[in-house]
Amino acid sequence: MNNQAAAATTRPSWETEAYDDTCCAHADRSIPEGDTTGEEQIAERHNALVLQRWAPGGAGVGTGVARGQRTVFIWDLDETIIIFHSLITGSFARKYDKDVVKATELGKQMEELLFRVLVTYFFYYDLSSTTYQHISDILNAESKDDSLLSYSAPFAWGYNTMHSRSSSSLASPPGGDDERWLAARYRKVETLYVAHQHDTAALLGPNLRKNWRQLQENIESFSERWLDVARTCLSVIGARLNCENVIVTSTRLLPALAKLLLYDFGAFFPIENVYSAAETGKKACFERISLRFGRAANYLVLGNGKEEEAAATQLGIPHWKIACRYNLEMLYRALDANVM
Ligand SMILES: [Mg+2]
């Protein structure tokens, strides 16, 4: 099996999102600066239309853009604000005529680091079979009793054999209270995320921190600072009093939180603004977000995938296509010019 084929079959076990490389299916040149073709040209035209309707005096989108109302930016995660799957599969490298082997290596290094963080801090072996749309879905039933952290998994969960009860010296929780057992762990994850969302380095030990910083720099450099552009957009939005950054990802909740920390995006997304569509799909998440922020708010969905685009269209929410870095740059220009 050659390197490309090997990369294409590699898939982290915690991911539920199929690798969506459709955003990377065309051009074979360096990251475009406006001379887009094909799919990217379609994205550019589509986004220009969104912008035109958004602008003061524009036709409005869906129910219209209400000036002065809160605006909620609903972001996809993978291949929208971070580059992960397309590194592992090599599609990012092929699209931009870069070194596929190097790309795959970078992707796998990040995958290994993610796994390490999940196992070390996020109770991966205990929680890998669980997923929730939102952290409040489990914490509503939680007990703040940290002593539950010392109990092994209840039999009822039948979770993975790598950490089976028979190999554990820990007792099961009293009363077979599985929800409390799970909730105590998710509560701990929440505490860790909140404590480190502005300072991931503090979460990692000195050795891991050094490797992480180097890996981050290598991915930034390889992607021609895609992540930096995304961060700039998020920071402009985050600095506005009447705007919200929200994540809706097909990844399960725990790995999504780990990715946000390791790609240094935690500062832009309070944990209550992180939603996983792994179980329910994105449309259900968008509906939940609409209920939370209300009908008066404006919404914009941003992403590279077909699922979020279809769901947004069904709900009458405008969708900003991210087919290449230029689409993020266009967004930044619109934000900077205050026309969005
Ligand atoms: Mg995506």
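These numbers were taken from a predicted model, which means no experiment stands behind them. (Residues numbered from 1 in each chain as written. Predicted model: local features only at pLDDT ≥ 70, side-chain atom pairs only at ≥ 80, totals over all residues.)

Asker: I'd like to hear about the overall build of the protein, residue by residue, with values.
Answerer: Scanning the protein from N- to C-terminus turns up 15 helices and 5 strands. The proportion of buried residues among the 340 residues of the protein is 44%. For the protein, long-range pairs separated by at least 24 residues make up 74% of all intrachain contacts whose partners lie at least 6 apart in sequence. (Helix = DSSP H or I, 4+ residues; strand = E, 2+ residues; numbered from the N terminus. Buried ≥ 20, exposed ≤ 12 C-beta atoms within 10 Å, placed from the backbone. Contact = placed C-beta atoms within 7 Å.)

Asker: Got a sec to walk through helix α5 (residues 100-121)? Specific residues and values, please.
Answerer: Helical geometry: 3.6 residues make up each α-helical turn, so side chains three or four residues apart lie on a common side. The terminal C-alpha atoms of α5 lie 31 Å apart, and with 22 residues this matches the ideal 32 Å at 1.5 Å per residue to within 8%. Every buried residue of α5 is accounted for by Ala103, Thr104, Leu106, Gly107, Met110, Leu114, Val117 and Leu118. Axial view of α5: buried residues confined to an arc of 160°, hence all on one face. Note on α5: the residue one or two positions beyond its end, Phe123, has a positive phi of about 50°. (Expected span 1.5 Å × (residues − 1). Arc of directions from axis to C-beta.)

Asker: Can you tell me about the pairing of strand β2 (residues 243-249), naming the residues and giving the values?
Answerer: Counted residue by residue, β2 has 6 buried out of 7 residues, so it is predominantly covered. In this structure, strand β1 (residues 71-75) lies alongside β2, joined through 5 bridges in parallel fashion. Bridging from a neighbouring strand, Phe73 pairs with Asn245 of β2. (Pairing = 2+ DSSP bridges.)

Asker: Lay out the nonpolar core in plain terms, naming residues and giving numbers.
Answerer: Core analysis: the biggest nonpolar cluster contains 91 residues, and Ile74, Val246, Ile247, Leu257, Ala258 and Phe286 have the highest contact counts within it. The dominant element in this core, judged by the number of residues it contributes, is helix α12 (residues 253-262), at 8 residues. When near neighbours in sequence (up to four residues on either side) are disregarded, Leu257 contacts Val189, Tyr193 and Val274. (Core = buried A, V, L, I, M, F, W, Y, C linked by C-beta atoms within 7 Å.)

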